[in-house]
Amino acid sequence: MKPPKILLFILSVFVLLFAVWYSMPSEGGRVGGIKLKFPSYESYLQDLHDPMRNINLDSLMEVTRRNQEVLAESQDTLSYFFDYITGNPNRIHFPDSNYTYFDSLFHEIEIADTTGNIVRIMHYGDSQLEMDRISAILRERLQERFGGSGTGMLPMIQKVPTVSIAQSASGDLARFAIVGDGHRAAHRRYGPMAQYSYVSGAAAFSFAATKNSYSQKKVREISKVSVLLGNNSKGFLMTLKCDSYPLLKTVLDTASADVSMVSWTLPGNAERGTISFVGNAEIYGVMLDGQGGVTVDNVALRGSAGNVFTKIDQPIFIESFRKMGTRLIILEFGTNAMPGISSRSGISQYMGTITEQFDYLHEVAPDVKLLFVGPSDMGKSRDGKITSWPLLNELNDSLRVNCLRHGVAYWDTFDVMGGTGSVSTWVNHSPAFVGPDFIHFTTKGANEIGGSLADAILFYYDFYRFRQEISSEVINEYIESRR
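All of these numbers come straight from a predicted model, not from anything done at the bench.

Asker: Residues and numbers for the overall build of the protein, please.
Answerer: Within the protein, the regular secondary structure consists of 14 helices and 18 strands. Out of the 483 residues belonging to the protein, those deemed buried represent 51%. Excluding contacts between residues fewer than 6 apart, the proportion of contacts in the protein whose partners are at least 24 apart in sequence is 77%.

Right, here's the structure in full:
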């Protein structure tokens, strides 16, 4: 076929498709008894007038971020703080509107670097957290402000590699996990990462800090290595070899079913090392930290809706959180719950499940603060048009109300993104902030969300510091003046 005829054929196809597009009603049409759906010309015109299309996402994210210049130049600092905590989409919602909710946490964090204590933040979530996304940015920002280094806690066997560190495990090992692939245990001693690796002979865990553009310098500064384990045999042997430093060895003389934590302090920073094990034990996690400061542990549970905690033995949680120095638990769930919710009764059932998790965590960790990060806006195709999932807005509202009612702070990702329909703006942003599935954040999008969450936490720390400098009477008088 000659080129002019090929060109004519292609143009004819486009003309035919345009005719169908222009004439197709929004509800679709039938051809030969078969119903067809095609994005209609009317729906395109509606899309042009969709208010979400006109949102400047970069401007929106800038508004939700804390602004140090505004803080420094503000003539009425109290007004600045209270305007943020009452109206900014990036604010954290607190039970009883108690903006002092994090004060005890902030006190421990700000002195951790000088006391040598490690304040640990456990960041649980679904697949949005895989590869250490979101957590890595939050960790970096907090360590820059408060000190601390390293990647935090890692499972001995990591199924999805992270951007922050390379790791491997070998030897006589078996992985047991509550969700995802892996064996299911005959007991409930899964540990704080909802999984563990069982050593039954000789095994090794190796790590090496990565040097890609995503990982930061603080991640590579590892000067304290710890192992959280339990149910060990008598004479369980652990040896650590890091860089050119001398070999460090620990032997557990007695068998114990309890949780133990073995730590080694290095004479300097290390970027790689190997822990060797001989004997039998359940390894709940390996911690790569600095000497003091704050860290964020990434616990990505692909496919989970956040209902895993009640499946773990209380003594394991109690002892683990106490030995690790856990002071904040962040729960980032809801993405996996939404597809299974088709009615308001489904939302109510999910609220019941989540409430059980809150009550359980309050029981095993009464001194630990809880922060729930709500679901993001998610899109699905409906009559040829991408719209937010039905009931997503109601799910988000119910989660916020339920969290505050049960003593859990709430950060509204849905609101931060821009609300209903905002996911299309995030997908179409350059570079894309959400992938083509209209659900999962891209690396750039995860950076934005992680940065915004860090901004929110640091804002309340700034407010905490500001309140140390003025009397409570001044604050109370100002609050009364706003009513």
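Anyway, onward from the coordinates.
Asker: Can you tell me about the sheet that holds strand 3 (residues 92-93), naming the residues and giving the values?
Answerer: The strand order 3-18-15-14-4-13 describes an open sheet built from 6 strands, whose pairing is mixed. Only two strands of the sheet have a single neighbouring strand rather than two, namely strand 3 and strand 13 (293-300). In the sheet, strand 14 (residues 326-332) pairs with strand 15 (residues 369-373) via 5 bridges, with the strands oriented parallel. Residue pairing for strand 15: I330 is matched across the bridge by L371. Most of the contacts of helix 8 (residues 314-324) go to strand 4 (residues 118-125), to which it runs at about 135°, and overall it touches strand 4, strand 13 and strand 14.

Asker: Account for the packing of aromatic side chains, with residues named and values stated.
Answerer: Taken as a whole and judged by the stated rule, the model has 35 aromatic pairs. Between F82 and Y99 the ring centres are 5.6 Å apart and the planes differ by 90°, which places this aromatic pair in the edge-to-face class. Placement of F82 in helix 5 (residues 77-87) and of Y99 in the loop between strand 3 and helix 6 (103-115) is noted, with a sequence separation of 17 residues between them. If you follow K369 out to its NZ or CZ, it ends over the ring of Y101, 4.7 Å from the centre. For the cation-ring pair, R467 lies above F463, with the distance from its terminal atom to the ring centre recorded as 4.9 Å.

Asker: Please give an account of the side chain of D297 that cites residues and values.
Answerer: Turning to its location among the elements, D297 is positioned in strand 13. Engagement of the side chain of D297 in a polar contact is seen with the side chain of R120, the distance being 2.9 Å.

Asker: Describe the pairing of strand 4, with residues and values.
Answerer: With respect to burial, strand 4 is a largely interior element, 8 of its 8 residues being buried. Direction of pairing for strand 4 relative to strand 13: parallel, over a ladder of 8 bridges. Note that in strand 13 the partner of I118 across the bridge is G293. As judged from the 6 bridges shared by strand 4 and strand 14, these two strands associate in the parallel manner. Its bridge partner being in strand 14, Y124 is matched across the sheet by L331.

Asker: Report on the nonpolar core, specifying residues and quantitative values.
Answerer: Formed by 105 residues in total, the largest nonpolar core has its most connected members in I92, Y124, Y350 and F372. Ranked by residues supplied to this core, first place goes to helix 13 (residues 443-468) with 12 residues. F207, Y245, A270 and A281 belong to the second-largest nonpolar core, a separate cluster that totals 27 residues.

Asker: Hey, could you go over the layout of surface pockets for me, with residue numbers and the actual values?
Answerer: Its boundaries defined by the atoms lining it, the second largest pocket holds a volume of some 350 Å³. Forming the walls of the second largest pocket are 21 residues, and the residues nearest its centre are E130, K159, R175, A300 and R302. Of the residues forming the lining of the second largest pocket, the biggest block, 3 residues, is contributed by strand 13.

Asker: Which residues make up the environment of N396, and what values do they have?
Answerer: Of note, N396 is situated in helix 10 (residues 392-405). Sequence separation between N396 and F414 is 18 residues; the distance between their C-alpha atoms is 7.4 Å. Excluding residues within four positions of it along the chain, N396 makes contact with P375, Y410, D412 and F414.

Asker: Explain the pattern of salt bridges to me, and be specific about the residues and the numbers.
Answerer: Here the idea is simple: oppositely charged side chains can pair when their charged atoms come close. Overall, the coordinates contain 20 salt bridges when judged by the stated rule. Among the ionic pairs, R302 bridges to E130, the shortest N-O distance being 2.8 Å. Here R302 is found in the loop between strand 13 and helix 8, whereas its partner E130 is found in the loop between strand 4 and helix 7 (135-146), with 172 residues between them in sequence. Judged by its relative accessible area of 13%, E130 is buried. The shortest N-O distance in the salt bridge between R344 and E394 comes to 2.8 Å. Here the residue R344 occupies a position in helix 9 (residues 344-364), and E394 occupies one in helix 10, the gap between them amounting to 50 residues. The class for R344 is exposed, based on a relative accessible area of 58%.

Asker: Any chance you could break down unusual backbone geometry for me, citing the residues and the numbers?
Answerer: The phi angle of most residues is negative, glycine excepted, and most peptide bonds adopt the trans form. Backbone torsion omega between S430 and P431 reads 0°, so that peptide bond is classified as cis. Relative to the elements of secondary structure, P431 occurs in the loop between helix 12 (422-428) and helix 13. Phi is positive for D96, close to 60°, though the residue is something other than glycine. Along the chain, D96 turns up in the loop between strand 3 and helix 6. Of note, I134 is a non-glycine position whose phi angle comes to about 70°, a positive value. Along the chain, I134 turns up in the loop between strand 4 and helix 7.

Asker: Which residues make up the environment of L228, and what are the values?
Answerer: Positionally, L228 belongs in strand 8 (residues 222-232). Of the residues examined, L228 reaches a relative accessible area of 0% and is grouped as buried. Through-space distance from the C-alpha of L228 to that of V286 is 6.3 Å; in sequence the pair is 58 residues apart. Not counting residues within four places of it along the chain, the set of residues in contact with L228 comprises M153, P192, V259, S260, M261, E282, I283, Y284, G285, M287, S320 and M324.

Rules used in this analysis
- Residues numbered from 1 in each chain as written.
- Predicted model: local features only at pLDDT ≥ 70, side-chain atom pairs only at ≥ 80, totals over all residues.
- Heavy atoms only, no water.
- Helix = DSSP H or I, 4+ residues; strand = E, 2+ residues; numbered from the N terminus.
- Buried < 20%, exposed > 50% of the residue type's maximum accessible area, 1.4 Å probe, protein only.
- Contact = heavy atoms within 4.5 Å.
- Pairing = 2+ DSSP bridges.
- Axes fitted to C-alpha atoms, helices over the stretch in contact; angles between N-to-C directions.
- Phe/Tyr/Trp six-rings, centres within 6.5 Å; stacked < 30°, edge-to-face > 60°.
- Lys NZ or Arg CZ within 6 Å of the ring centre and 35° of its normal.
- Polar contact = N/O pair within 3.5 Å; in protein donor to acceptor, adjacent residues only side chain to side chain.
- Core = buried A, V, L, I, M, F, W, Y, C linked by side-chain atoms within 4.5 Å.
- 1 Å grid on protein atoms, 1.4 Å probe; cavity = no way out; pocket = protein on both sides within 12 Å on 5 of 7 lines; lining within 4 Å.
- Points joined across faces, edges and corners; volume = space filled by probe spheres on them.
- Salt bridge = Lys/Arg side-chain N within 4 Å of Asp/Glu carboxyl O.

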